[in-house]
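Below are the chains, spelled out letter by letter.
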Amino acid sequence: MPEVTIQIGGRDFAVACQEGEESYLQSAAAMLDEEAQVLAQQIGRMPEGRMLLMAGLMLADKTAAVEDRIREVEAVLAERDAELAAFRDAPPPEPERVEVPVVPASVTDTLAELAAQAEALAAEVEEKAEGEAPADETTPPA
């Protein structure tokens, strides 16, 4: 079983751990040391046991806050999962029926013929209007 020397609050401690867990122990010790340094700056020198207890309590407080936040996020996630499941389980919406009017070909053909006749009549009226221009424009019509 490996033994790791960690430093907390300026004091060295020899701690045994399982094989392969040395990095986790170093990481945990660094977090505890950070809290111990805060205590040392705020309070000053204190007995080793009290310093470790206070640093541990400060870490436990942070951990409790993180766990509360995790529970809140998990609750929101559960709500979103329920909403998603409801959407997945819901029947698909009814297709929207859209009616597009279709103009029969015979109607378009008839309209084209009428347009052609109207253009022919307009051209005929223009020709007659040009041919019947009055010779003397000063004489008023009777």
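Below is a summary of the structure that appears in this document. (Residues numbered from 1 in each chain as written. Predicted model: local features only at pLDDT ≥ 70, side-chain atom pairs only at ≥ 80, totals over all residues. Heavy atoms only, no water.)

Moving on: helix α1 (residues 22-42). Given 3.6 residues to a turn, an α-helix orients residues that are three or four positions apart in the same direction. Look at α1: 30 Å from first C-alpha to last across 21 residues, which is about the 30 Å you get at 1.5 Å a residue. Here α1 has its buried residues at Leu25, Ala29, Leu32, Asp33, Glu35, Ala36 and Leu39. Contact partners of the buried residues in α1: β1 (3-8), β2 (11-16) and α2 (48-89). Within two residues after α1, Gly44 carries a phi angle of roughly 100°, on the positive side. (Helix = DSSP H or I, 4+ residues; strand = E, 2+ residues; numbered from the N terminus. Expected span 1.5 Å × (residues − 1). Buried < 20%, exposed > 50% of the residue type's maximum accessible area, 1.4 Å probe, protein only. Contact = heavy atoms within 4.5 Å.)

Take the nonpolar core next. Of all hydrophobic cores here, the largest spans 14 residues; its most connected members are Ile6 and Ile8. Counting residues per element, this core draws most heavily on α1, at 5 residues. (Core = buried A, V, L, I, M, F, W, Y, C linked by side-chain atoms within 4.5 Å.)

To continue, consider the environment of Leu57. Tracing the chain through its elements places Leu57 in helix α2. In this structure the C-alpha to C-alpha distance between Leu57 and Leu32, which are 25 residues apart in sequence, comes to 9.8 Å.

This part covers a nonpolar patch on the surface. A contiguous nonpolar surface patch, about 350 Å² in accessible area, is contributed by Val103, Val107, Leu111 and Leu114. Mapped onto the elements, Val107 comes out in helix α3 (residues 105-131). The class for Val107 is partly exposed, based on a relative accessible area of 36%. (Patch = residues over 30% accessible without salt bridge, like charges linked within 9 Å, V, L, I, M, F, W, Y side chains within 5 Å. Areas by Shrake-Rupley, 256 points an atom, 1.4 Å probe, with all protein chains shown as cover. Salt bridge = Lys/Arg side-chain N within 4 Å of Asp/Glu carboxyl O.)

Here the focus is the pattern of salt bridges. Oppositely charged side chains can pair when the atoms bearing their charge come close. By the definition in use, this model includes 6 salt bridges. Linking Arg71 and Asp68 is a salt bridge whose minimum nitrogen-to-oxygen distance equals 2.4 Å. Of this pair, Arg71 and Asp68 both sit in helix α2, 3 residues apart, which is roughly one turn of that helix. Residue Arg71 is classed as partly exposed on the basis of its relative accessible area of 48%. Between Glu99 and Arg97 there is a salt bridge; the shortest N-O distance is 3.6 Å.

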